[in-house]
Amino acid sequence: MAWQLIWFDDSDGRLSGTSPITRQQFIRVRELRIFDNGDDEWFAAGSYKVAAEHWPQLIEVLACPPPEAGKSYFIEGYATDL
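Residues numbered from 1 in each chain as written. Predicted model: local features only at pLDDT ≥ 70, side-chain atom pairs only at ≥ 80, totals over all residues. Heavy atoms only, no water.

Undergrad: Teacher, can you tell me more about helix 2 (residues 55-62) here?
TA: Residue pairs spaced three or four apart in an α-helix point in one direction, given the helix's 3.6 residues per turn. Among all positions in helix 2, only Trp55, Leu58, Val61 and Leu62 are buried. For helix 2, the angular spread of buried residues about the axis comes to 130 degrees, placing them on one side. What points out from helix 2, more than 90 degrees from its buried face, is the exposed set Pro56 and Glu60. Where helix 2 is buried, its residues contact strand 1 (2-9), strand 2 (15-21), helix 1 (23-32) and strand 4 (71-78). (Buried < 20%, exposed > 50% of the residue type's maximum accessible area, 1.4 Å probe, protein only. Helix = DSSP H or I, 4+ residues; strand = E, 2+ residues; numbered from the N terminus. Arc of directions from axis to C-beta. Contact = heavy atoms within 4.5 Å.)

Undergrad: Looking at this model, I keep getting lost on the environment of phenylalanine 74. Mind explaining?
TA: Tracing the sequence through the fold places phenylalanine 74 in strand 4. Linking phenylalanine 74 and valine 61, residues 13 residues apart in sequence, is a C-alpha distance of 15 Å.

Undergrad: Mind showing me how you'd approach the packing of aromatic side chains here?
TA: The description of an aromatic ring pair uses the distance of the two centres, along with the angle that the planes make with each other. For the structure shown, the criterion picks out 9 aromatic pairs. Measuring from ring centre to ring centre gives 6.0 Å for tryptophan 3 and tryptophan 42, while their planes differ by 35 degrees; the resulting arrangement is tilted. Linking tryptophan 3 in strand 1 with tryptophan 42 in the loop between helix 1 and strand 3 (47-49), this pair joins segments that are 39 residues apart in sequence. A residue is classified by how much of its surface remains accessible, and tryptophan 3, at 3% relative accessible area, is buried. Accessibility expressed as a relative area gives 30% for tryptophan 42, which makes it partly exposed. (Phe/Tyr/Trp six-rings, centres within 6.5 Å; stacked < 30°, edge-to-face > 60°.)

Undergrad: So what exactly am I meant to see when it comes to the side chain of histidine 54 here?
TA: With respect to the helices and strands, histidine 54 occurs in the loop between strand 3 and helix 2. Setting aside its immediate chain neighbours within four residues, histidine 54 contacts Ile34, Phe35 and Lys49.

Undergrad: Could you clarify how one ought to interpret the nonpolar core in this entry?
TA: Nonpolar side chains in soluble globular proteins tend to end up buried together. By size, the foremost hydrophobic cluster in this structure holds 18 residues, and its most contacted members are Leu5, Phe35, Val50, Leu58, Leu62 and Ile75. Of all the secondary structure elements, the ones that give two or more residues to this core are strand 1, helix 1, helix 2 and strand 4. Here this core gets 4 residues from one element, more than from any other, and that element is helix 2. Leucine 5 has contacts with Gly17, Thr18, Ser19, Ile21, Val50, Trp55, Leu62, Cys64, Tyr73, Phe74 and Ile75, leaving out every residue within four places of it along the chain. (Core = buried A, V, L, I, M, F, W, Y, C linked by side-chain atoms within 4.5 Å.)

So this is what it looks like as structure tokens:
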């Protein structure tokens, strides 16, 4: 299992970029309890939209730059080969 921050251009819906999230970072993000992920503890079932109010905490945990205007951001989990 791996995780990433992924973003799309709002004007055309195309993928604009991705940034990996380490397991340790993901665990810290999950502990923030800012996403409504129900029983999807490992964010394996889909993408979770990053809302404007999430950014201050995510910037600190992920050590990422602030969001760009005109982009939609998500955190998602995906399967990897073992």
